[in-house]
Amino acid sequence: MADELEPFVADWNKPVVEEFRANGGKVGGPFEGGTLALLTTAGAKSGLPRTSPVGYLEIDGKGVVIASAGGGPKNPAWYHNLSANPLLTVEVGTEKYQARAVVLEGEERERVFAAACELSPGYADYQKGTDRVLPVVVLETEFYEDGRRARGLGQELTEIHDWLRGELAELRRQVADFASGATETVTLGDTPLLEQLRDNCLSFCKALEVHHGGEDKGAFPVLESTFPGLAPTLAKLREEHKEVSRLRTEIAELVPKLEPGDPHGVQAKLDTLIEELERHFAYEEAAVVTALDALAFAPATRG
């Protein structure tokens, strides 16, 4: 039920979210003077990003949110989502980080809720107005050994995409220089530039093949199992992988034929791949980053 209601909730939240992000976490109207956080959860079935503004407190040095829903009879949709998948993205002020939602129980819940009511007495009124016990949620952060906050798998995906974008742009520049004749006789060490271009192209194509193969065989099946509503999106992404594979195979075959003037159209084929990949990356990032972030934290890497 929560997934069906979320688009309506999202419409109501949209201006608050936009004001929050435009003003470093500050908003006016009924929220003026309070501290808000934006919680971005993955829809429990859809896997799509759902961003909700909520009251935010710090207790015992940790972020705390309470699923009060204004004292309403049902828990809010964001609580339903994080109950299903507790990894989420938190924005407070200008800070953005990923966290694990821990729902408190028993005496610990009572202690933290009492502290919350001291800081913001409205929560006591909300509790009096409903028969349900208001859930108290601590936003636990994880850190790598070097002190950096842990990031989600979705963030890792965007970093991989950015690296691939950069590699492809550099390959396109090298091909353009060679095709124009500006670097026709250049060698790198003892290696002719055309041979270097071929090797660079093969390396890029292999990296792209490994990335998409890992998604098809690893990430996508897990996403499909966890978020059934993502199935049509993942099917579309798989079809796009096939088109990208076709283009990169053509390019790998054409690069050894590159010569000044580019009679075989290597640059045009690279431009087609760049356009196709950019559409693919943008669609994938919009559709699955939040769902990936909800699955696990990414392995620690330095850099």
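First, a word on scope: everything that follows refers to the structure included in this document. In this text, all values refer to a predicted model and were calculated from it rather than measured experimentally.

Things to note about the overall build of the protein chain
At step 1: Looking only at helices and strands, one finds eight helices and nine strands in the protein chain.
At step 2: In terms of overall size, the protein chain is more extended than a compact globule, its C-alpha atoms giving a radius of gyration of 25 Å where 303 residues would be expected to give roughly 19 Å.
At step 3: Oriented by its inertia axes, the alpha-carbon framework of the protein chain measures out at about 80 × 35 × 35 Å.
At step 4: For the protein chain, buried positions account for 43% of its 303 residues.
At step 5: By sequence separation, contacts in the protein chain at least 24 residues apart represent 71% of the contacts at least 6 residues apart.
At step 6: Split by element, the accessible area of the protein chain, about 15400 Å² in all, is 53% carbon and sulfur.
At step 7: Both charge centroids of the protein chain, one from 31 positive and one from 50 negative side chains, sit 2 Å from each other.

Here's the deal with the sheet that holds strand E5 (residues 87–92)
At step 1: The sheet built from seven strands is open, its strands ordered E2-E1-E5-E6-E7-E4-E3 with antiparallel pairing. The outermost strands of the open sheet, each flanked by one partner alone, are strand E2 (49–55) and strand E3 (57–59). Averaged over all pairs of adjacent strands, the angle between strand axes in this sheet comes to 40°, irrespective of strand direction.
At step 2: The pairing of strand E1 (residues 36–42) with E2 spans seven bridges and is classified as antiparallel. Each residue of the ladder has a partner; that of threonine 40, found in E2, is threonine 51.
At step 3: Sheet contacts for helix H2 (residues 77–84): E1, E2, strand E4 (62–66), strand E6 (95–103) and strand E7 (136–140); angle to E1, the most-contacted strand, approximately 50°.

Quick look at the packing of helix H5 (residues 153–180) against helix H8 (residues 266–293)
At step 1: It is the contact of H5 with H8, at a shortest axis distance of 9 Å, that shows an interaxial angle of 175°. As summarised for this structure, H5 and H8 are arranged roughly antiparallel, according to the angle between their axes.

Focus on the packing of aromatic side chains
At step 1: Following the criterion strictly, the structure yields two aromatic pairs and no others.
At step 2: With a centroid separation of 6.3 Å and an interplanar angle of 85°, the aromatic rings of tryptophan 78 and tyrosine 79 are classed as edge-to-face. Accessibility assignment for this pair places tryptophan 78 and tyrosine 79 in one class, buried.
At step 3: Aromatic pair tyrosine 123 and tyrosine 126: ring centres 6.2 Å apart, planes at 75°, arrangement edge-to-face.

Looking at the nonpolar core
At step 1: Residues Leu273 and Leu277 are the most contacted members of the largest nonpolar core, which totals 22 residues.
At step 2: Per-element accounting of this core gives the leading share, six residues, to H5.
At step 3: Ignoring any residue separated from it by four or fewer positions in sequence, one finds leucine 273 in contact with Leu168, Phe204, Val244, Leu247 and Ile251.
At step 4: If you look at the next biggest cluster of nonpolar residues, it comprises 17 residues, including Ala37, Leu39, Ala67 and Leu82.

Here we look at the side chain of arginine 109
At step 1: Mapped onto the secondary structure, arginine 109 falls in helix H3 (residues 106–119).
At step 2: Overall, the relative accessible area of 5% leaves arginine 109 in the buried class.
At step 3: Here glutamate 110 takes part through its side chain, which lies 3.1 Å from a polar atom of the side chain of arginine 109.

Some thoughts on the pairing of E6
Remark: a regular strand shows side chains that alternate across the two faces of the sheet.
At step 1: Strand direction decides the pairing type here: E5 and E6, joined by six bridges, are antiparallel. Of the residues in E6, the one forming a bridge with glutamate 91 is lysine 96.
At step 2: Counted between consecutive antiparallel strands, the loop separating E5 from E6 contains two residues, among which glycine 93 sits at a positive phi close to 60°.
At step 3: Note: E6 against E7, four bridges, orientation antiparallel. Bridging from a neighbouring strand, valine 102 pairs with valine 138 of E7.

A look at the side chain of threonine 40
At step 1: Take threonine 40: it is sitting in strand E1.
At step 2: Polar side-chain contacts of threonine 40 include one of 2.8 Å to the side chain of threonine 51.

A closer look at the environment of threonine 89
At step 1: Following the sequence through the fold, threonine 89 ends up in strand E5.
At step 2: With a relative accessible area of 11%, threonine 89 lands in the buried category.
At step 3: Put simply, threonine 89 and valine 175 are 86 residues apart on the chain and 40 Å apart in space, counted from C-alpha to C-alpha.

Here we look at the packing of helix H7 (residues 231–254) against H8
At step 1: Interaxial distance between H7 and H8 falls to 10 Å at its minimum, and their mutual angle equals 160°. One element, H7, and the other, H8, form an angle in the roughly antiparallel class. At the point where H7 passes H8, the crossing takes the left-handed sense. Contacts between H7 and H8 involve Thr233, Leu234, Lys236, Leu237, Glu240, His241, Glu243, Val244, Leu247, Glu250, Ile251 and Leu254 from the first element and Val266, Lys269, Leu270, Thr272, Leu273, Glu276, Leu277, His280, Tyr283, Glu284, Ala287 and Val288 from the second.

A few points about the pattern of salt bridges
At step 1: Scanning all chains against the criterion turns up 25 salt bridges.
At step 2: Across the pair arginine 173 and glutamate 170 runs a salt bridge, and its minimum N-O distance is 2.5 Å. Note that arginine 173 and glutamate 170 are positioned in helix H5 at a spacing of three residues, about one turn of the helix.
At step 3: On the accessibility criterion, arginine 173 (41% relative accessible area) is partly exposed.

Basis of the calculations
Residues numbered from 1 in each chain as written. Predicted model: local features only at pLDDT ≥ 70, side-chain atom pairs only at ≥ 80, totals over all residues. Heavy atoms only, no water. Helix = DSSP H or I, 4+ residues; strand = E, 2+ residues; numbered from the N terminus. Rg over C-alpha atoms; globule rule 2.2 N^0.38 Å. Buried < 20%, exposed > 50% of the residue type's maximum accessible area, 1.4 Å probe, protein only. Contact = heavy atoms within 4.5 Å. Areas by Shrake-Rupley, 256 points an atom, 1.4 Å probe, with all protein chains shown as cover. Lys, Arg positive; Asp, Glu negative; His and termini not counted. Charge placed at Lys NZ, Arg CZ, Asp CG, Glu CD. Pairing = 2+ DSSP bridges. Axes fitted to C-alpha atoms, helices over the stretch in contact; angles between N-to-C directions. Parallel < 35°, antiparallel > 145°, perpendicular 65-115°, else oblique. Phe/Tyr/Trp six-rings, centres within 6.5 Å; stacked < 30°, edge-to-face > 60°. Core = buried A, V, L, I, M, F, W, Y, C linked by side-chain atoms within 4.5 Å. Polar contact = N/O pair within 3.5 Å; in protein donor to acceptor, adjacent residues only side chain to side chain. Left-handed = near helix turned anticlockwise from the far one by under 90°. Salt bridge = Lys/Arg side-chain N within 4 Å of Asp/Glu carboxyl O.

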